[in-house]
Amino acid sequence: MKIAITGGKGGTGKSTIATALALELSTDNKVLLVDADVECPDDHIILSTTREKVGDVHAILPSFDQEKCLKCGRCSEVCKENAVVFIKDKYPFIVSKQCNGCGACILTCPSGALTEGQQVIGAIYQGKCQQPYLKQEHDLLLLWGEMEVGCENTSMVVNATREYAENRTSDYDCMLIDTAAGTHCNVISAMVDVDLALAVAEPTPLGRHDLELILQLLKIMKVSTKIIVNRSDIGELKLIEEVSQENDVPIIQKVPYERDILKKHSRGQPVIHKNIEELAYVLSEKS
Ligand code: SF4
Ligand code: SF4
């Protein structure tokens, strides 16, 4: 079973819940947790995992041959990313961090001055839990993608991380994917082909607004969805209950705002909570 843990809004506790759920599920199942928040992956910090690089993620970067260049400027005209700086009668300059590797400039160049090169835009890592606070054995592997500093092709790194994970799913009972916040391309890439999405929301007006957005996206993607309310005992739970009813998406669990959860989170210790245990039980029954 593939489950995405998502949520329209940043800071809702998505990663806290994803890591806690992965830990609970991995006491009885082989679990692959994928942190697809490639701009800011933090599951490995929360779980204090080992860190092993398993590969780089590459993208096309045009390679420039000055001798062949006609200084026509067509490469700059076709570049939608504004990655080619061109000044009349000068040679073009490619801003590599801004290039998304679409290859349009290479196809357009009339003289063959641009050819296909490569740049590293990110990397994929894996890690095992080495938490001294865990009392049980956990069969949990964490995979995560990390962007190269300054690069912007986040979707490519998410896709490469997902692809790497997909090739290993046969070894696992369950794959959890912790997405980035929001409803942008990275989030969509992370949730393609999942069996279930858990939308984590907090009971605030902004939480309601962003939950509505992610539910709209999941409806378009035709992904079965359930809501988890985090910090459910502060704010206005009614706000999330209304969205749940209006969209016919059930609230599957509520996680209260507790000092112990905060303490564990701030100390880099995994959160173990009876409500997450219950959630893991319900999900295990379904899978
Ligand atoms: S490969 Fe695409 S994004 Fe990169 S410089 Fe060429 S046109 Fe621009
Ligand atoms: S399209 Fe080719 S020939 Fe024209 S300026 Fe760009 S690199 Fe030079």
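Residues numbered from 1 in each chain as written. Chains lettered and ligands numbered in written order. Predicted model: local features only at pLDDT ≥ 70, side-chain atom pairs only at ≥ 80, totals over all residues. Heavy atoms only, no water.

A. The site of ligand 1, seen in detail. Inspection of the region around ligand 1 gives Pro 62, Cys 79, Glu 81, Ala 83, Val 84, Cys 99, Asn 100, Gly 101, Cys 102, Gly 103, Ala 104 and Cys 105 as its neighbouring residues. Of the residues contributing to the shell around ligand 1, the split by class is eight nonpolar, three polar and one charged. (Near = heavy atom within 4 Å. Nonpolar A, V, L, I, M, F, W, Y, C, P; charged D, E, K, R; others polar.)

B. Here's a closer look at the sheet that holds strand E2 (residues 31-35). Spatially, the nine strands line up as an open sheet ordered E3-E6-E7-E2-E8-E1-E9-E10-E11, and their pairing is mixed. The sheet terminates laterally at strand E3 (52-64) and strand E11 (251-255), the two strands that pair on one side only. Strand-to-strand twist across the sheet, computed as the mean angle between neighbouring axes with direction ignored, equals 20°. (Pairing = 2+ DSSP bridges. Helix = DSSP H or I, 4+ residues; strand = E, 2+ residues; numbered from the N terminus. Axes fitted to C-alpha atoms, helices over the stretch in contact; angles between N-to-C directions.)

C. The site of ligand 2, seen in detail. In the vicinity of ligand 2, 13 residues are found, and the nearest of them are Cys 69, Leu 70, Cys 72, Cys 75 and Cys 109. Looking at the shell around ligand 2 residue by residue, the classes come out as 10 nonpolar, two polar and one charged.

D. Structural detail: the layout of surface pockets. As a volume, the largest pocket reaches approximately 380 Å³. Elements that contribute at least two residues to the lining of the largest pocket include exactly helix H1 (14-25) and helix H9 (259-266). Ranked by the residues each element gives to the lining of the largest pocket, the list is headed by H1, at five residues. (1 Å grid on protein atoms, 1.4 Å probe; cavity = no way out; pocket = protein on both sides within 12 Å on 5 of 7 lines; lining within 4 Å. Points joined across faces, edges and corners; volume = space filled by probe spheres on them.)

E. Main features of helix H8 (residues 237-247). The complete set of buried residues in H8 reads Leu 239, Ile 240, Val 243 and Ser 244. For H8, the arc enclosing every buried residue in end-on projection is 135°, short of the 170-degree limit, so these residues lie on one face. In H8, the exposed positions angled more than 90 degrees off the buried face are occupied by Lys 238, Gln 245 and Glu 246. Among the structural elements, strand E9 (196-201), helix H7 (205-220), strand E10 (225-230) and E11 are those in contact with the buried residues of H8. Just downstream of H8, Asp 248 is the residue with a positive phi angle, here 55°. (Buried < 20%, exposed > 50% of the residue type's maximum accessible area, 1.4 Å probe, protein only. Arc of directions from axis to C-beta. Contact = heavy atoms within 4.5 Å.)

F. A look at H1. Given a rise of 1.5 Å per residue, 12 residues ought to cover 16 Å, and the 16 Å separating the end C-alpha atoms of H1 matches this to within 8%. Within H1, 12 of the 12 residues are buried, which leaves it mostly tucked inside the rest of the structure. Of all the positions in H1, only Lys 14, Ser 15, Thr 16, Ile 17, Ala 18, Thr 19, Ala 20, Leu 21, Ala 22, Leu 23, Glu 24 and Leu 25 are classed as buried. (Expected span 1.5 Å × (residues − 1).)

G. The arrangement of the pattern of salt bridges in detail. As enumerated under the stated definition, the model contains 12 salt bridges in all. Where Glu 146 meets Arg 51, a salt bridge forms, and the shortest distance between an N and an O atom there is 2.8 Å. Taken together, the positions of Glu 146 in strand E7 (residues 140-147) and Arg 51 in the loop between helix H2 (43-46) and E3 put the pair 95 residues apart, joining distant regions of the chain. In this structure, Arg 208 and Glu 212 form a salt bridge, with 3.3 Å as the shortest nitrogen-oxygen distance. One end of the pair, Arg 208, and the other, Glu 212, are both in helix H7, four residues apart, so they sit about a helical turn from each other. A cluster of three or more residues bridged by salt bridges with shared partners is formed by Arg 208, Glu 212, Lys 238, Glu 242 and Glu 246. (Salt bridge = Lys/Arg side-chain N within 4 Å of Asp/Glu carboxyl O.)

H. Here's a closer look at the pairing of strand E1 (residues 2-6). Within E1, five of the five residues are buried, leaving the element largely enclosed by the surrounding structure. Of the two faces of E1, both are covered, the one formed by Lys 2, Ala 4 and Thr 6 as well as the one formed by Ile 3 and Ile 5. With four bridges connecting them, E1 and strand E8 (residues 174-178) associate as parallel partners. Paired with Ile 3 across the strands is Leu 176, a residue of E8. Strand direction decides the pairing type here: E1 and E9, joined by four bridges, are parallel. Bridge pairing in E9 links Ile 5 to Leu 198.

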